[in-house]
Amino acid sequence: MAAIINQWAVITIVLSGITLVIGVFFIRRGNREAHMRAMLTASALATIFLVLYLTRLGLGYEKKYVGPAEWRGAYYFLLISHIILAAANLPLAVVALWNAWKGLRAAGNLGNIGAPVARRFFDRHRAWVRWTVPVWLYVAVTGWIIYLVLGRYGQVVQG
Ligand code: HEM
């Protein structure tokens, strides 16, 4: 059961990373509506990931690395950076969404984001997403790598 939850957690975080890239692609093309939809989907997927991940932790399921010793350092570097940035990603995403939401409320619609009352929120949105997007992608990609490494070199310690 916990192993299946773990599998779905990885699927949702990888899908959220893909949706994030699609959302960036849309805004680069100037398609704000599609950008908003993609980013809300990415955020929903990341929220599902968080719920699954916490459920798995609650079930006490864990795998430890039992692979080649010469890769241990690199593996733990990946794991620790992944955990720290995953924790940072939550407030980063919340602030990015919050500013987008406040900007949209102030503008009235996505065609009016240049209005002075909305502009400051979207300026903040742009400033925050400069960090949010790379951190989110790093977390999604390393989460996938860690899953693959533990599939090959992992040993269940509980559960
Ligand atoms: C956490 C989720 C989100 C992320 C990671 C994100 C990411 C981005 C990125 C990378 C840009 C381009 C910034 C730049 O050109 O410097 C951007 C711009 C923009 N985003 Fe988002 N976005 C998110 C959610 C949303 C939502 C929900 C909305 C809808 C209200 C939205 C509306 C916009 C708009 C209108 C722009 C263009 C701003 C401008 O041209 O000044 N974003 N976003």
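In the nomenclature of an unreviewed UniProt entry, the protein chain corresponds to DUF420 domain-containing protein from the organism Deinococcus phoenicis.

Undergrad: Please explain the overall build of the protein chain as it appears in this structure.
TA: Within the protein chain, the secondary structure is distributed over four helices and two strands. Helices (α) and strands (β) of the protein chain occur, in sequence order from the N terminus, as α-α-β-α-α-β. Here the C-alpha coordinates of the protein chain stretch approximately 55 × 30 × 25 Å along the principal axes. Counting all 159 residues of the protein chain, 24% fall into the buried class. In the protein chain, the share of contacts with a sequence separation of at least 24, taken over all contacts with a separation of at least 6, comes to 76%.

Undergrad: Explanation requested: the UniProt feature "transmembrane region" (unreviewed entry) in the protein chain in the structure shown.
TA: Residues annotated by UniProt as "transmembrane region" (unreviewed entry) correspond here to residues 6–26, 38–55, 75–98 and 128–150. Secondary structure content for residues 38–55 is 100% helix and 0% strand, while the C-alpha to C-alpha distance between its ends is 26 Å.

Undergrad: Help me out: how do you make sense of the packing of helix α1 (residues 2–28) against helix α4 (residues 116–153) in this one?
TA: For the pair α1 and α4, the least separation of the axes is 9 Å and the interaxial angle reads 145 degrees. In the crossing of α1 with α4, the sense of the turn from one axis to the other is left-handed. Packed against α1, whose contacting residues are V10, I13, V14, S16, G17, L20 and V24, the element α4 presents V133, W136, L137, A140, V141, G143, W144 and Y147 at the interface. In terms of residue class, the contact of α1 with α4 is made up of twelve nonpolar, three polar and no charged.

Undergrad: Looking at this model, I keep getting lost on the environment of I145. Mind explaining?
TA: Here I145 lies in helix α4. C-beta crowding within 10 Å serves as the criterion here: with 14 such atoms nearby, I145 is assigned to the partly exposed category. Residues I145 and S81, 64 residues apart in the sequence, show an inter-C-alpha distance of 13 Å.

Undergrad: It is not clear to me how α1 should be interpreted in this structure. Could you clarify?
TA: Over its 27 residues, α1 runs 39 Å from end to end, which matches the ideal 39 Å to within 8%, given 1.5 Å per residue. If you check which residues of α1 are buried, you get N6, A9, V10, T12, I13, S16, G17, T19, L20 and G23. Where α1 is buried, its residues meet α2 (32–58) and α4. Following α1 by one or two positions, G30 adopts a phi angle in the positive range, close to 85 degrees.

Undergrad: Please clarify how the environment of W101 should be interpreted in this entry.
TA: Relative to the helices and strands, W101 is located in helix α3 (residues 72–107). A C-alpha to C-alpha distance of 9.2 Å links W101 and F122, two positions 21 residues apart in sequence.

Undergrad: Can you walk me through the site of the ligand in this structure?
TA: The full set close to the ligand counts 21 residues, and M36, M39, A96, A100 and V129 are the nearest of them. Elements that contribute at least two residues to the shell around the ligand include exactly α1, α2, α3 and α4. Classifying every residue of the shell around the ligand gives 15 nonpolar, four polar and two charged.

Undergrad: Help me understand the packing of α3 against α4, please; the structure alone is not making it clear to me.
TA: For any two helices packed against each other, the geometry is given by the interaxial angle and the distance between the axes. Relative orientation of the contacting elements α3 and α4 amounts to 150 degrees, with a least axis distance of 6 Å. Classified by the angle between their axes, α3 and α4 sit roughly antiparallel to one another. Regarding α3 and α4, the two cross each other, and that crossing is left-handed. Looking at the contact of α3 with α4 residue by residue, the class counts come to 27 nonpolar, nine polar and two charged.

The rules behind these values
- Residues numbered from 1 in each chain as written.
- Predicted model: local features only at pLDDT ≥ 70, side-chain atom pairs only at ≥ 80, totals over all residues.
- Helix = DSSP H or I, 4+ residues; strand = E, 2+ residues; numbered from the N terminus.
- Buried ≥ 20, exposed ≤ 12 C-beta atoms within 10 Å, placed from the backbone.
- Contact = placed C-beta atoms within 7 Å.
- UniProt positions renumbered as here; feature names shortened; annotations may be inferred.
- Axes fitted to C-alpha atoms, helices over the stretch in contact; angles between N-to-C directions.
- Left-handed = near helix turned anticlockwise from the far one by under 90°.
- Nonpolar A, V, L, I, M, F, W, Y, C, P; charged D, E, K, R; others polar.
- Expected span 1.5 Å × (residues − 1).
- Near = placed C-beta within 6 Å.
- Parallel < 35°, antiparallel > 145°, perpendicular 65-115°, else oblique.

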